[in-house]
Amino acid sequence: MSDHQFDDERDSGVSVEEAKPKLRRPPMFKVLLLNDDYTPMDFVVQVLETFFAMNREKATQIMLHVHTRGVGVCGVFTREIAETKVMQVNDFSRSHQHPLMCTMEEA
């Protein structure tokens, strides 16, 4: 008897359409280097090469941009990757006794 009731519900003319989830790309964050008057330029280039996989030419361009403008974008990443990069750069700078600061902001 319960099987008959289930068949009646299925044949009631109601169509069910599966809802597709609406996916959005994760928000992106810019990783920024801030200029200071004490960190050597070669150290900044080394940071850009090491943590952002830049070649020497690109790293030098970014370093000069940071030096002349006060701030420069090292890359754009998801939140977790950006947070990791900021932490790595700041820890590396402190361990080498340099005041170089790295921050992030929403892109």
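Residues numbered from 1 in each chain as written. Predicted model: local features only at pLDDT ≥ 70, side-chain atom pairs only at ≥ 80, totals over all residues. Heavy atoms only, no water.

An unreviewed UniProt entry lists the protein under the name ATP-dependent Clp protease adapter protein ClpS, with Thioflavicoccus mobilis 8321 given as the organism. Database annotation for the protein, UniProt heading Sequence similarities (unreviewed entry): "Belongs to the ClpS family." (UniProt positions renumbered as here; feature names shortened; annotations may be inferred.)

Visitor: Help me understand the side chain of T39 in this model?
Guide: Structurally, the position occupied by T39 is in the loop between β1 (28–34) and α2 (41–52). Every residue in contact with T39, bar those within four places of it in the chain, is listed here: V44, H98, P99 and L100. (Helix = DSSP H or I, 4+ residues; strand = E, 2+ residues; numbered from the N terminus. Contact = heavy atoms within 4.5 Å.)

Visitor: Is there a simple way to think about the sheet that holds strand β2 (residues 71–78) in this case?
Guide: Hydrogen bonds between backbone groups are what pair the strands of a sheet, and the pairing can be parallel or antiparallel. In space, the three strands of this open sheet follow the order β2-β1-β3, with antiparallel pairing throughout. Two strands in the sheet have a free side with no partner beyond their single neighbour: β2 and β3 (101–106). The mean angle between the axes of side-by-side strands here comes to 30°, regardless of whether they run parallel or antiparallel. Both β1 and β2 contribute to a ladder of seven bridges, which runs antiparallel. Across the sheet, residue L34 finds its bridge partner in β2, namely V71. Most of the contacts of helix α4 (residues 79–95) go to β3, to which it runs at about 165°, and overall it touches β1, β2 and β3. (Pairing = 2+ DSSP bridges. Axes fitted to C-alpha atoms, helices over the stretch in contact; angles between N-to-C directions.)

Visitor: I'm lost on the packing of aromatic side chains in this one. Help?
Guide: Centre-to-centre distance and the angle between the planes together describe a pair of aromatic rings. Under the counting rule described, the total for this entry stands at three aromatic pairs. Centroid distance F51 to F92: 5.3 Å. Interplanar angle 70°. Geometry classified as edge-to-face. Highlighted residues: F51 in helix α2 and F92 in helix α4, separated in sequence by 41 residues. Here F51 falls in the buried class, since its relative accessible area comes to 15%. (Phe/Tyr/Trp six-rings, centres within 6.5 Å; stacked < 30°, edge-to-face > 60°. Buried < 20%, exposed > 50% of the residue type's maximum accessible area, 1.4 Å probe, protein only.)

Visitor: Mind showing me how you'd approach the packing of α2 against helix α3 (residues 56–69) here?
Guide: What describes two packed helices is the angle between their axes and the distance between those same axes. Across the interface, α2 lies against α3 with an axial gap of 9 Å and an inter-helix angle of 125°. One element, α2, and the other, α3, form an angle in the oblique class. α3 is crossed by α2, and the crossing has right-handed handedness. Mapping the contact onto sequence places M41, V44, V45, L48 and E49 in α2 and R56, A59, T60, I62, M63 and H67 in α3. Each residue belonging to the contact of α2 with α3 can be placed in one class, and the counts come to seven nonpolar, two polar and two charged. (Parallel < 35°, antiparallel > 145°, perpendicular 65-115°, else oblique. Left-handed = near helix turned anticlockwise from the far one by under 90°. Nonpolar A, V, L, I, M, F, W, Y, C, P; charged D, E, K, R; others polar.)

Visitor: Got a minute to help me understand the packing of α2 against α4 in this structure?
Guide: Where α2 meets α4, the closest approach of the two axes is 11 Å, and the angle between their N-to-C directions is 140°. Viewed along their axes, α2 and α4 form a crossing whose handedness is right-handed. Note on element contacts: α4 touches α2 through K85, Q88, V89, F92 and S93, opposite F43, Q46, V47, F51 and F52. Of the residues belonging to the contact of α2 with α4, the class tally is six nonpolar, three polar and one charged.

Visitor: Quick question: what am I supposed to make of α3 here?
Guide: At 3.6 residues per turn, the α-helix brings residues three or four places apart onto the same side. Given a rise of 1.5 Å per residue, 14 residues ought to cover 20 Å, and the 20 Å separating the end C-alpha atoms of α3 matches this to within 8%. Every buried residue belonging to α3 is among A59, I62, M63 and V66, and all of these are buried. All buried residues of α3 lie within an arc of 100° about the axis, which places them on one face of the element. Along α3, the residues that are exposed and aim more than 90 degrees away from the buried face are E57, T68 and R69. Residues of α3 that are buried make contact with β1, α2 and β2. With a side-chain oxygen positioned 3.3 Å from the backbone nitrogen of E57, the residue opening α3 is N55. A positive backbone phi angle near 95° is found at G70, which sits one or two residues after α3. (Expected span 1.5 Å × (residues − 1). Arc of directions from axis to C-beta. Polar contact = N/O pair within 3.5 Å; in protein donor to acceptor, adjacent residues only side chain to side chain.)

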